[in-house]
Amino acid sequence: MEGLAPIDGWALLAILAKAIGYAAALIAMGGPLFLAVFRSAPPDVRRIARKLAVIAALIGLAVLALRFGIRAARISGMGLSGATDTMMLGFVWDSPLGTAALWRGAGELLIVAVLIEGTIGMTASLLGALLIAMSYAFVGHSLGDPRWILAGLLVTHLLAAAFWVGSLAPLHRAAAKGENAALLHRFGTIASGTVAILVIVGVSFAWLMIGSPTGLFGTAYGWTLIIKIAVVTGLLGLAARNKLRLVPALASGAPSASARLRRSIRMEIIIVALILLATATLTSITTPPVNL
Amino acid sequence: MKSITLALVATLATATAALAHSKAEDTTPANEATVETVEVIELRFDDPMRVTAISLIGPDGEMEITRETGLDPVTEFRAIPLEAMPAGAYSVDWRGLSADGHPMQGAFAFTVSD
């Protein structure tokens with residue numbers, strides 16, 4: 001297939017590390033966003049959002065270091081010994097990944113401030129979320145033209161995705177109690193807006209990368225994108241069912257509503273993992289048709 | 001879910017490998033060409049590429065080459081074979097880092113005739 005890079009064990013490892021890095025970044029960014037939007041959420045729900053954001057930020061830092069090693073190993077052609085080769089690591093540091101790592105690392109450290117109660121902690125962690133989102137505009141396909149439009153689309157896409165992904169675990173906790181139905185309803189209302197932004201922005205970015213219907217069906221990038229869109233559609237269906245059926249059922253005190261809603265949110269988490277895997281594949285080993 | 005993931009990986013792994021993140025580069029000798037002598041091995045890229053590793057494999061295994069181009073990003077990479085190249089099948093494998101930070105790799109093959 002056109003536009004597919006050679007794939008070896010290191011490339012697969014790189015995709016896996018990237019997908020874990022995406023998950024860590026989105027959960028770390030999403031925590032402060034959730035806390036900023038749901039200021040009056042119950043303390044146990046807010047605690048989960050805080051705790052997960054910090055754990056995700058720390059995992060994100062570790063994955064960042066790991067990805068440097070994986071990349072050094074790949075470009076050295078020496079396998080494992082290349083992962084610690086200082087010259088190869090230096091090249092990776094000099095590449096756009098080095099710049100991105102500075103912004104992402106700083107952002108992930110700022111996320112830890114979410115543990116501080118009050119305005120300072122909130123502001124610092126939100127700034128951290130913004131830095132992480134911006135770090136992704138320094139690498140990869142968003143470096144193409146039109147540069148600023150692509151960067152803007154990507155940052156918006158990531159912040160919208162982070163709000164959703166970072167909210168899943170706190171919402172899973174909230175769904176355990178019927179009295180939280182109002183919070184879940186409010187999430188559904190806000191998410192209808194942010195998801196629309198997420199989809200519109202994602203489609204715009206994809207259109208700029210692909211440029212023609214043949215690019216969609218004739219290339220590895222196009223097919224990986226089709227897989228991603230198919231899985232996203234499944235996620236949207238599940239989210240719509242939660243909003244329209246399960247949350248109202250929880251509000252009305254239906255006995256099985258809580259268990260069904262929580263199961264549905266766990267399913268969403270699994271689907272998100274698949275989407276991140278497809279995205280990591282898309283950005284790692286396939287070439288956007290506009291670059292072919 | 002596991003089967004979806006496996007299917008995804010399998011589809012990608014079995015697809016014909018092409019070069020990602022670089023417009024079709026051309027080489028000297030050209031891929032699949034038959035030549036009498038090889039004075040230089042060249043790789044040309046549309047965007048600057050830092051070639052981090054390159055190897056020449058001949059009929060008797062890996063052969064020594066000297067990089068004429070350093071480790072800086074270039075659009076034209078040159079290396080000179082150090083030893084005489086007997087007739088047979090050769091391949092060049094290279095790895096590099098593209099301007100947008102993607103790790104790259106590629107290979108081409110040629111034949112030296114008598």
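Coordinates for the structure precede this section.
Summarised in this report is the structure supplied together with it. (Residues numbered from 1 in each chain as written. Chains lettered and ligands numbered in written order. Predicted model: local features only at pLDDT ≥ 70, side-chain atom pairs only at ≥ 80, totals over all residues. Heavy atoms only, no water.)

### Re the overall build of chain B
- The secondary structure content of chain B amounts to one helix and eight strands.
- Overall, chain B shows an N-to-C arrangement of helices and strands of α-β-β-β-β-β-β-β-β.
- The buried share of chain B, reckoned over its 114 residues, is 46%.
- For chain B, the exposed area adds up to about 5800 Å²; of that, 52% sits on carbon and sulfur atoms. (Helix = DSSP H or I, 4+ residues; strand = E, 2+ residues; numbered from the N terminus. Buried < 20%, exposed > 50% of the residue type's maximum accessible area, 1.4 Å probe, protein only. Areas by Shrake-Rupley, 256 points an atom, 1.4 Å probe, with all protein chains shown as cover.)

### Digging into the overall build of chain A
- Looking only at helices and strands, one finds 10 helices and zero strands in chain A.
- Put simply, chain A runs from its N terminus to its C terminus through helices and strands in the order α-α-α-α-α-α-α-α-α-α.
- Taking 19 Å as the expected radius of gyration for a compact globule of 292 residues, we find that chain A reaches 20 Å, a close match to that expectation.
- Its C-alpha atoms put chain A at 60 × 45 × 35 Å along the principal axes.
- Relative to all contacts within chain A whose residues are 6 or more apart in sequence, the contacts with residues 24 or more apart total 73%.
- Working note: accessible area of chain A is about 12200 Å², and carbon and sulfur atoms make up 73% of it. (Rg over C-alpha atoms; globule rule 2.2 N^0.38 Å. Contact = heavy atoms within 4.5 Å.)

### Considering the packing of helix H1 (residues 9-37) of chain A against helix H2 (residues 43-76) of chain A
All names here are of chain A.
- Viewed as axis vectors pointing N to C, H1 and H2 meet at an angle of 155°, and their least axial separation amounts to 7 Å. One element, H1, and the other, H2, form an angle in the roughly antiparallel class. For the pair H1 and H2, the sense of crossing is left-handed.
- Classifying every residue of the contact of H1 with H2 gives 22 nonpolar, three polar and five charged. (Axes fitted to C-alpha atoms, helices over the stretch in contact; angles between N-to-C directions. Parallel < 35°, antiparallel > 145°, perpendicular 65-115°, else oblique. Left-handed = near helix turned anticlockwise from the far one by under 90°. Nonpolar A, V, L, I, M, F, W, Y, C, P; charged D, E, K, R; others polar.)

### Side note on the pairing of strand S6 (residues 74-81) of chain B
Residue and element names in this part refer to chain B.
- One ladder, built from five bridges, connects strand S3 (residues 41-58) with S6; its direction is antiparallel. Among the inter-strand pairings, Leu 43 is bridged to a residue of S6, identified as Phe 77.
- Here strand S5 (residues 65-67) runs beside S6; their pairing, made up of three bridges, is antiparallel. Of the residues in S6, the one forming a bridge with Arg 67 is Ala 79.
- As consecutive antiparallel partners, S5 and S6 are separated by six residues. (Pairing = 2+ DSSP bridges.)

### Some points on unusual backbone geometry
- The residue after Asp145(A), namely Pro146(A), is reached through a cis peptide bond having omega -5°.
- Omega for the peptide link from Thr28(B) to Pro29(B) comes to -15°, which places this bond in the cis form.
- Mapped onto the fold, Pro29(B) is located in the loop between strand S1 (26-28) and strand S2 (33-35).

### Looking at helix H4 (residues 96-111) of chain A
- For H4(A), built from 16 residues, the straight-helix expectation of 22 Å at 1.5 Å per residue is met to within 8% by its first-to-last C-alpha distance of 22 Å.
- Those residues of H4(A) that sit buried are Pro96(A), Leu97(A), Gly98(A), Ala100(A), Ala101(A), Arg104(A), Gly105(A), Gly107(A), Glu108(A) and Ile111(A). (Expected span 1.5 Å × (residues − 1).)

### Structural notes on the nonpolar core
Residues and elements named next belong to chain A.
- Grouped together as the largest cluster of nonpolar side chains are 78 residues, with contacts concentrated most on Met 29 and Leu 261.
- Going through the elements one at a time, H1, H2, helix H5 (119-135), helix H6 (147-174), helix H7 (181-210), helix H9 (220-251) and helix H10 (257-285) are the ones with two or more residues in this core.
- Examining the composition of this core, we find that 15 residues originate from one element, H6, more than from any other.
- Beyond its immediate sequence surroundings of up to four residues, Leu 261 is in contact with Ala 175, Leu 184, Asn 242, Leu 246, Val 247 and Leu 250. (Core = buried A, V, L, I, M, F, W, Y, C linked by side-chain atoms within 4.5 Å.)

### As for the pattern of salt bridges
All names here are of chain B.
- Under the counting rule described, the total for this entry stands at eight salt bridges over all chains.
- The salt bridge involving Arg 44 is made with Asp 26; its shortest N-O contact spans 3.1 Å. Of this pair, Arg 44 sits in strand S3 while Asp 26 sits in strand S1, placing them 18 residues apart in sequence.
- In this structure Asp 26 comes out as partly exposed when scored by relative accessible area, which is 43%. (Salt bridge = Lys/Arg side-chain N within 4 Å of Asp/Glu carboxyl O.)

### Some thoughts on the environment of Leu13(A)
- Tracing the chain through its elements places Leu13(A) in helix H1.
- Separated by 58 residues in sequence, Leu13(A) and Arg71(A) have C-alpha atoms that sit 9.9 Å apart.

### A word on the side chain of Lys18(A)
- Positionally, Lys18(A) belongs in helix H1.
- Buried charge Lys18(A) goes without a salt bridge, the closest partner of opposite sign being Asp100(B) at 9.4 Å.
- Within polar-contact distance, the side chain of Lys18(A) engages the side chain of Ser284(A) at 3.3 Å.
- With residues up to four places along the chain from it excluded, the contact list for Lys18(A) reads Arg67(A), Ala280(A), Thr283(A) and Ser284(A). (Lys, Arg positive; Asp, Glu negative; His and termini not counted. Polar contact = N/O pair within 3.5 Å; in protein donor to acceptor, adjacent residues only side chain to side chain.)

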